[in-house]
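A structural walkthrough
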Amino acid sequence: MKVVVKNIINIFTIIDGKINLLVKDNNIIEIDCLDQLDLINNDYIKDNIDIKDLNLKQCYTFSKKEKDKLELKVLYIDIINIDSIKLSNGFDFIELDKLDKENDYIKASIEFLKKELVLNSTIKKLYPNEFVLPEIQKIYEYLLDKKYDRRNFRKKLIKLDVIEDLDKISSNKTGRPAKLYRFKEIKTDKILF
């Protein structure tokens, strides 16, 4: 029986407050594997994408058996800050809302994101400097499909002692200015939601 192995690489970021997926020529990144799975990913990223601080995690394996062929697809995911990547060669980001959420790879990715983004270290990776709370609240509401009261959302993050007020106001030109915060340096992960 012939075995075919492919890696699917889903790299997510936040652009203008929305979750985006890195694609190649408007398609999910899929790599044929002939050798060690992780090394293939590293070589592909190094050869094709200028990206810093990538830490791909294997999160799911799909299999499909046909007559004399077994196809395995291994899904790898990471979440990066948009500033850590330079796009070229047909690579671009597409909003998650514009993708087929019934696609098995996208569904598995969303489930993985739900688990990852509840950790303060993951959300801090997306917002390493300053941010306004409504932007982060919007991400959590979208992914967790749950509405949060604005005041309770802020109180929860303050009570967990993971953010600090910068005593600055955003220079947002659209809408009302908001307080700026940043994540504290914390040695152990805390579950936020």
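That block above? That's the structure.
Residues numbered from 1 in each chain as written. Predicted model: local features only at pLDDT ≥ 70, side-chain atom pairs only at ≥ 80, totals over all residues. Heavy atoms only, no water.

**Considering the overall build of the protein**
This is how the line gets drawn: By the criteria applied, helices consist of DSSP H or I runs no shorter than four residues and strands consist of E runs no shorter than two, each listed in order from the N terminus. Only protein chains enter the accessibility calculation, which uses a 1.4 Å probe; a residue whose area is less than 20% of its type maximum is buried, one above 50% is exposed, and one in between is partly exposed. What makes two residues a contact is simply this: any of their non-hydrogen atoms within 4.5 Å.
Scanning the protein for helices and strands turns up 5 helices and 10 strands. When the backbone C-alpha atoms are referred to their principal axes, the protein occupies close to 60 × 35 × 30 Å. Relative to its 193 residues, the protein shows a buried fraction of 42%. Long-range pairs, those at least 24 residues apart, make up 66% of the contacts in the protein between residues at least 6 apart in sequence.

**Brief notes about the side chain of Ser109**
Its location among the elements puts Ser109 in helix α2 (residues 104-116). In contact with Ser109, not counting residues within four places along its chain, are Asn10, Phe12, Leu75 and Ile77.

**Let's talk about the packing of helix α4 (residues 133-144) against helix α5 (residues 150-159)**
Rules: Fitted lines through C-alpha atoms serve as axes, helices being fitted only where they are in contact, and the angles separating the N-to-C directions of these axes extend from 0 to 180 degrees. Roughly parallel covers angles under 35 degrees, roughly antiparallel covers those over 145, roughly perpendicular covers 65 to 115, and oblique covers all other angles.
The N-to-C vectors of α4 and α5 enclose an angle of 100 degrees; their axes lie 11 Å apart at closest approach. With respect to α5, the axis of α4 lies roughly perpendicular. Here α4 contributes Leu133, Ile136, Gln137 and Tyr140 to the contact with α5, which in turn contributes Arg150, Phe153, Arg154 and Leu157.

**Some remarks on the pattern of salt bridges**
Side chains that differ in charge, positive against negative, can pair when their charged atoms come close. Worth spelling out the cut-off: For salt bridges, the criterion is a side-chain nitrogen of Lys or Arg within 4 Å of an Asp or Glu carboxyl oxygen.
Overall, the coordinates contain 18 salt bridges when judged by the stated rule. Of the charged contacts in the structure, one is a salt bridge between Glu164 and Arg182, with a shortest N-O distance of 2.7 Å. With Glu164 in strand β9 (residues 163-169) and Arg182 in strand β10 (residues 179-183), the pair connects residues that are 18 residues apart, well separated along the chain. One connected set of salt bridges, linked through shared partners, spans Lys6, Glu30, Asp32, Glu71 and Lys73.

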